[in-house]
Amino acid sequence: ITVCIILRTAYVDLHHPLQEAFKEFDYDQDGYLNYKDVAECMRTMGYMPTEMELLEIVQQIKMRMGGLMDFEDFIELMGPRMMGETADMLGLKELQSAFLQFDLDGDGKINQDEMKEAVKTLLGEKLKKGELEEILKELDVNADGNIDFEEFVMMLSIR
């Protein structure tokens, strides 16, 4: 997979599959998933949890969250799992190599200037005003203003 293809995919489809899955199983549209629906939701997204893993997840949701899970909790639950699967499929070396094509100063983070440069270099086009900020905001899960390696892998996981 070339970084160019990855980038184009990320920009063309800005809808977050995690959010779509969450909404699909938020039957009463109250912004929460019931612990009973989490397993089916996970499977819909292609993640096949073991029975033991499901028991742990359900217990965690019941104890920590009163049986309901909001979207932030859902991302916290699913992000690392999807990231792990993507890393297994693509291989860690390839992911790190792709990340380094964006992280121009090698500080372990992709900032707005680096993303802008990568888009221009890899896609040969400029984004419309506000598009870059929108993309970074969507990908920047921890809201620190940068895309770290985990967020980068997560971006690839959900495309």
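Residues numbered from 1 in each chain as written. Predicted model: local features only at pLDDT ≥ 70, side-chain atom pairs only at ≥ 80, totals over all residues. Heavy atoms only, no water.

Looking at an unreviewed UniProt entry, one finds the protein chain named Calcium-binding protein 2-like, with Cynoglossus semilaevis as its source organism.

The next subject is the packing of aromatic side chains. Per the counting criterion, the structure on display carries six aromatic pairs. For the ring pair Phe25 and Tyr27, a centre distance of 6.0 Å and an interplane angle of 65° mean the geometry is edge-to-face. Classification of Phe25 as buried rests on a relative accessible area of 3%. Between Phe99 and Phe152, the aromatic rings sit 5.4 Å apart at their centres with planes inclined by 75°, giving edge-to-face as the arrangement. With Phe99 in helix 6 (residues 92-102) and Phe152 in helix 9 (residues 149-157), this pair connects stretches of sequence that are 53 residues apart. Across the pair, Phe152 and Phe99 agree in class, each one buried. Members of the aromatic cluster, joined through ring pairs, are Phe99, Phe102, Phe149 and Phe152. (Phe/Tyr/Trp six-rings, centres within 6.5 Å; stacked < 30°, edge-to-face > 60°. Buried < 20%, exposed > 50% of the residue type's maximum accessible area, 1.4 Å probe, protein only. Helix = DSSP H or I, 4+ residues; strand = E, 2+ residues; numbered from the N terminus.)

The subject of this paragraph is the side chain of Asn146. Along the chain, Asn146 turns up in the loop between helix 8 (131-139) and strand 4 (147-148). We classify Asn146 as buried; its relative accessible area is 17%. Setting aside anything within four residues of it in sequence, one finds Asn146 in contact with Lys109, Ile110, Asn111, Asp140 and Glu151. (Contact = heavy atoms within 4.5 Å.)

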